[in-house]
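Inside the fold
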Amino acid sequence: MKIANKLEEWIGGVLFLVIFCILIAQILSRQVFQSPLIWSEELAKLLFVYVGMLGISVAIRKQEHVYIDFLTNLMPERIKKIANTFVQLIIFIGIFFFIHFGIRNFMSASFPIDALGGISEKWIFASLPIIAVLMMVRFFQAQAHNFKEGKSYLPATFFIISAVILLTILFLAPDWFKVLRFTNYVKLGSSAVYVALLVWLVIMFLGVPVGWSLFIATLLYFTMTRWNVVNAASDKLVYSLNSFPLLAVPFYILTGILMNTGGITERIFNFAKALLGHYTGGMGHVNIGASLLFSGMSGSALADAGGLGQLEIKAMRDAGYDDDICGGITAASCIIGPLVPPSIAMIIYGVIANESIAKLFIAGFVPGVLITIALMAMNYYVSKKRGYPSTPKASREQLCTAFKSAFWAILTPLLIIGGIFSGLFSPTESAVVAATYSVIIGKFVYKELTLKMLFNSCVEAMAITGVVALMIMTVTFFGDMIAREQVAMRIADVFVAVADSPLMVLVMINALLLFLGMFIDALALQFLVLPMLIPIAMQFNIDLVFFGVMTTLNMMIGILTPPMGMALFVVARVGNMSVSTVTKGVLPFLVPIFAMLVLITVFPQIITFIPNLLIP
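Thresholds applied
- Within each chain, residues carry numbers counting from 1 in the order of the written sequence.
- Local features in this predicted model are restricted to residues whose pLDDT is 70 or higher, and side-chain atom pairs enter the listing and the counts only when it is 80 or higher, whereas totals over whole chains, interfaces and linings include all residues.
- Side-chain numbers here rest on the full set of heavy atoms in the structure, without hydrogens or water.
- By definition, any uninterrupted DSSP run of H or I lasting at least four residues is a helix, any uninterrupted run of E lasting at least two residues is a strand, and each is numbered from the N terminus.
- Put simply, the radius of gyration uses C-alpha atoms, and a globule should come to 2.2 Å times the residue count raised to 0.38.
- Residue exposure (1.4 Å probe, protein chains only): buried if accessible area is under 20% of the type maximum, exposed if over 50%, otherwise partly exposed.
- Throughout, a contact is declared for two residues whenever any of their heavy atoms are within 4.5 Å.
- Two residue types count as positive, namely Lys and Arg, and two as negative, namely Asp and Glu; His and chain ends fall outside the count.
- By convention, the point assigned to a charge is CZ for Arg, NZ for Lys, CD for Glu and CG for Asp.
- Here a Phe, Tyr or Trp ring, Trp counted by its six-membered ring, pairs with any other such ring whose centre lies within 6.5 Å, and the pair is stacked when the planes are under 30 degrees apart, edge-to-face when over 60, and tilted otherwise.
- Salt bridges are defined by distance alone: a side-chain nitrogen of Lys or Arg within 4 Å of a carboxyl oxygen of Asp or Glu.
- Only protein atoms enter the 1 Å grid used here. Points where a 1.4 Å probe fits but cannot escape make up a cavity, open sets with protein on both sides within 12 Å along at least five of seven lines make up a pocket, and a residue lines them when an atom lies within 4 Å of a point.
- Grid points are joined across faces, edges and corners, and a volume is the space filled by probe spheres set on the points.
- Classification used: nonpolar for Ala, Val, Leu, Ile, Met, Phe, Trp, Tyr, Cys and Pro, charged for Asp, Glu, Lys and Arg, polar for all others including Gly.
- By convention a nonpolar core is built from buried Ala, Val, Leu, Ile, Met, Phe, Trp, Tyr and Cys residues, the set being connected through side-chain atoms within 4.5 Å.
- Domain ranges listed in this record stem from an automatic or a database domain assignment.
- What counts as buried area is the accessible surface, traced by a 1.4 Å probe, that two parts surrender upon association, with contributions from both included.
- Of all possible arcs, the one meant is that of the directions from the helix axis to the C-beta atoms.

**A word on the overall build of the protein**
On a plain count of helices and strands, the protein comes out with 29 helices and 2 strands. In summary, the protein has a C-alpha radius of gyration of 24 Å against a globular reference of 25 Å for 616 residues, a match within 12%. Principal-axis analysis of the C-alpha atoms gives the protein an extent of 80 × 55 × 55 Å. For the protein, with 616 residues in total, the buried portion stands at 57%. Long-range contacts, defined here as pairs at least 24 residues apart, represent 80% of the contacts in the protein between residues at least 6 apart. Averaged over its 37 positive side-chain charges, the protein has a centre that lies 5 Å from the centre of its 30 negative ones.

**Structural notes on the packing of aromatic side chains**
Under the definition given, this model contains 24 aromatic pairs. Aromatic pair F97 and F101: ring centres 5.9 Å apart, planes at 40 degrees, arrangement tilted. Of the two residues, F97 and F101 both sit in helix α4 (residues 77-108), 4 residues apart, roughly one turn of that helix. Residue F97 is classed as buried on the basis of its relative accessible area of 9%. For F101, a relative accessible area of 0% translates into the label buried.

**Focus on the environment of A492**
Looking at the element boundaries, A492 is found in helix α23 (residues 487-498). For A492, a relative accessible area of 0% gives the class buried. In this view, A492 contacts I536 and Q539; residues no more than four positions away in its chain are not counted.

**Notes on the pattern of salt bridges**
Applying the stated criterion across every chain, the model contains 13 salt bridges. Among the ionic pairs, K236 bridges to D480, the shortest N-O distance being 2.9 Å. Of the two residues, K236 sits in helix α11 (residues 236-239) while D480 sits in helix α22 (residues 451-484), which places them 244 residues apart along the sequence. Owing to a relative accessible area of 29%, K236 belongs among the partly exposed residues under this scheme. Where D322 meets R386, a salt bridge forms, and the shortest distance between an N and an O atom there is 3.1 Å. Separated by 64 residues along the polypeptide, D322 in the loop between α16 (309-318) and α17 (323-333) and R386 in helix α19 (residues 357-386) bring together distant segments of the chain. With a relative accessible area of 37%, D322 lands in the partly exposed category.

**Quick word on empty space enclosed by the protein**
Summary: where empty space remains is shown by rolling a probe the size of a single water molecule over the atoms. The full count for this structure, using the stated rule, is 1 cavity of 30 Å³ or more. Volume-wise, the largest cavity comes out at about 40 Å³. Every residue along the wall of the largest cavity is listed here: F16, I19, F48, V51, L247, P250, F251 and T465. Among the secondary structure elements, those contributing two or more residues to the lining of the largest cavity are α2 (7-31), α3 (40-62) and α12 (248-261). Its residues placed into classes, the lining of the largest cavity shows 7 nonpolar, 1 polar and no charged.

**Description of the side chain of T583**
Structurally, the position occupied by T583 is in helix α28 (residues 579-602). Those residues in contact with T583 that lie beyond four places of it in its chain are P562 and L568.

**Section: the nonpolar core**
F98, F215, F251 and F547 are the most contacted members of the largest nonpolar core, which has 216 residues in total. Top contributing element to this core by residue count: α22, with 19 residues. Taken domain by domain, the makeup of this core includes at least three residues from each of domain 1 (1-242) and domain 2 (261-447 + 486-614). Apart from the residues within four sequence positions on either side, F98 is in contact with L128, A132, M135, W212, F215, L237, L470, M473 and T474. Counting 5 residues, the second-largest nonpolar core is a separate cluster that includes A274, A402, A406 and I410.

**Re the layout of surface pockets**
The calculated volume of the second largest pocket comes to roughly 580 Å³. In terms of lining residues, the second largest pocket is bounded by 27 residues, among which Q63, Y67, N84, V87 and Q88 are the most central. At 8 residues, the largest contribution of residues to the lining of the second largest pocket is made by α4. Of the residues contributing to the lining of the second largest pocket, the split by class is 11 nonpolar, 10 polar and 6 charged.

**Side note on the domain arrangement of the protein**
According to the domain assignment, the protein consists of domain 1 (1-242) and domain 2 (261-447 + 486-614). Using C-alpha coordinates to define each centre, domain 1 is positioned 31 Å away from domain 2. Counting from both sides, the interface comprises 20 residues of domain 1 and, opposite them, 17 residues of domain 2. Around 1,500 Å² of area is buried between domain 1 and domain 2 when both sides are counted, 77% of it from carbon and sulfur atoms.

**Describing helix α29 (residues 605-614)**
Every buried residue of α29 is accounted for by I607, T608 and P611. Seen end-on, α29 carries its buried residues on one side only, within an arc spanning 75 degrees. Exposed side chains of α29 directed beyond 90 degrees from the buried face belong to F609, L613 and L614. Next to the buried residues of α29 lie α19, α26 (544-558) and α28.

In structure tokens form, the structure reads like this:
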């Protein structure tokens, strides 16, 4: 029973390791034996589609998909229970249509995958119906838990019976969906997209996970317009994951996890302490410096906050720092991660904008370093004002010992960036190299990583990837609606009517993102808004590399601002303090971060100079 309950984790973990081995073989074959493998990239992408969807199933079982809860948290318990019941109905409908579209696309798929010996692309499309059935089973389990805990009015049996009835109708009368067409009864025309967008906003703020809200809103749009084209649009659900650049995401996630489990994080912190601890506000500088070093490995803000956070907060408390500053610096410094290469946020932006990920990596380095310096300056001011002590200056021997201990870990960002810019690896391959390197130093150098820990790390990376995968699938489907109705062009027309220069457009976009960032998680915001904003930037001839860095920094401010500041929640949890305490501590550090956003918006050359110089 235990194996059945964790079926996705076992299969997903094994497939993750298989992808890992395939990509290592690809790199070795090309770099060492000068004989590139023809099939490796296509097979890795194929398996990643399955891994991503298995991750979605894990997140359904654990109810970990990204959602907005600040409105539902204000509701009375009875209303909250009604809202949660509605949310479960929406998710149920979403999974059912996953099965429906999965079967349709599987049956119609016919093209061969030449690199894999001409096998049918049915192997790719089979992932959706097969794993969607598993998603439905996990949904039943989650709903049984919700009903038992008094969080829903509908028992799991209601959904099981409904699923049996709907699936029976689906197989016996596949064209029954014609009765759902709004166009049979009402002609909404060009207003349909606005109705769909309004419904999307309403259900998302009622607590429907962002991915499912995007999917349902797009389905509604097609029922109000052209349901006959929905099957053609729905193949994007699978194709969206069949992307080689996206493979970098799970491996950078894995690298961050391995850093925390393999003893690497602690050594980075100790080196930063020996280097910076004796200055005024020393432990705060150590916190920020360690985040900069860790950023060159994991590429994730929340990995930094969760991995280094506990260590940093304990050390600052022991040195006499107040809790608000401990939490505030830890939260503020974690935003360096998505700016300094490698960066998961930059990879996702590069995929959405079809922009060079290598260029984005270079572009993020300067603002990342500038923010590090700005945070240290604010930390110096606050520490001086509050009279925080500095630690004794490390001797040359202690500094050398700390450096030797952290040396192999510090090499990681040099390996990643050097490999990309020398042309040895693609950004995706660099993520695999970073993960491989983390395994080697965790297992053979620091000797703290076991095979069991490695497998569990792969499972954890797969589960986190599932949260991203659902949003990639559904935002691509949602993007079909946006493209058909030229929503981005309509928004651009509004911007043109109000703004008279690219700078004014950037100011308006920054204001919009800062406002939305208060309520929507940064990852969700990236998927939701960027597909509509990127065409506007192109229309105003705004450099897309600069635009990617600016919007990434803007959205990182969002994870530091209540009520939806995810970094505040993560730091509060690892530091065992209240969210209000962390929020109070982070406020002074928002000043230099916001100042840096203004600076790069007014002077985009700060970002574009180096990438344009290195990659014409």
